[in-house]
Amino acid sequence: MYHILGYRNDLAHSSRPGAVMRTLESFNSFRQDCSRLSKSLDKAFNKKTGMEDVMIPTLEYGMGNAGDIIKHGLIAEFCEWWFERNASLTFGDSFGGCPWGWFRPNYEWFERVEGRIREVAKTNCALGRVYNKAFNRESSEYLGSSHLVKVIAENSNKNYGIFVSDRDKDARSNLKHSELRLIELPNDNDGRRIFDEQEKYNF
């Protein structure tokens, strides 16, 4: 708590707030403290602070675009089909992007994407079953691909292994913070090569 308060004071009284957290490592340390405190408060008081949900902006496109929803719909259908026939699934995402986004009023894409997802949530499809409860709350998550798979696996009471990465170091930081298993990409940063080196990643 004192560590977080110290950062808050440094930010509030700095003429250059960006200089307070000069490195990704210092930000990660601060974010880890925030997450730890948030989980403690949730356990003690059953209240969500939202501190553990803070992500570094990394995407050059809006989450929840039409192509994204089609992709997630296909992933959701496949996962449900798979778990009806198998006890476990291993999922690799070498272009992990952002773990999640939040639908809250005044977000520039709030009305466009939230309306689309609310319509999906009313349907009897795999993606609809993921979101049909989420949008009864005041604010809701839009899940990235890996967390979508995680939710479906947990809803199915099945085992899963999720391995993620991204070319962008800030995206990798977000993915690791979201408690997924982070892997390093090959030296040339070509995420597709991950599937040629299965033994290295213990898939």
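The notes below deal with the structure included here.

Thresholds applied
Residues numbered from 1 in each chain as written. Predicted model: local features only at pLDDT ≥ 70, side-chain atom pairs only at ≥ 80, totals over all residues. Heavy atoms only, no water. Buried < 20%, exposed > 50% of the residue type's maximum accessible area, 1.4 Å probe, protein only. Helix = DSSP H or I, 4+ residues; strand = E, 2+ residues; numbered from the N terminus. Polar contact = N/O pair within 3.5 Å; in protein donor to acceptor, adjacent residues only side chain to side chain. Contact = heavy atoms within 4.5 Å.

## Focus: helix 7 (residues 169-177)
For step 1, the next point in the chain: Buried residues of helix 7: Ala 171, Arg 172, Ser 173, Asn 174, Leu 175 and His 177, and no others.
For step 2, the next point in the chain: Backbone geometry just downstream of helix 7 places Glu 179 in the positive-phi region, at approximately 70°.

## So, the side chain of Arg 172
For step 1, the next point in the chain: Within the fold, Arg 172 resides in helix 7.
For step 2, the next point in the chain: Polar side-chain contacts of Arg 172 include one of 2.8 Å to the backbone oxygen of Asp 166.
For step 3, the next point in the chain: When residues no more than four places from it in sequence are discounted, the contact partners of Arg 172 are Ser 165, Asp 166, Arg 167, Leu 182 and Glu 184.

## With respect to unusual backbone geometry
For step 1, the next point in the chain: The phi torsion at Asn 157 lies on the positive side, around 55°, for a residue other than glycine.
For step 2, the next point in the chain: Looking at the element boundaries, Asn 157 is found in the loop between helix 6 (145-155) and strand 4 (159-164).

## What about helix 6?
An α-helix turns once every 3.6 residues. As a result, residues three or four positions apart point the same way.
For step 1, the next point in the chain: Every buried residue belonging to helix 6 is among Ser 145, Ser 146, His 147, Leu 148, Val 149, Ile 152 and Ala 153, and all of these are buried.
For step 2, the next point in the chain: Asn 157 lies just past helix 6 and shows a positive phi near 55°.

The values reported here are purely geometric and, on their own, carry no functional implication.
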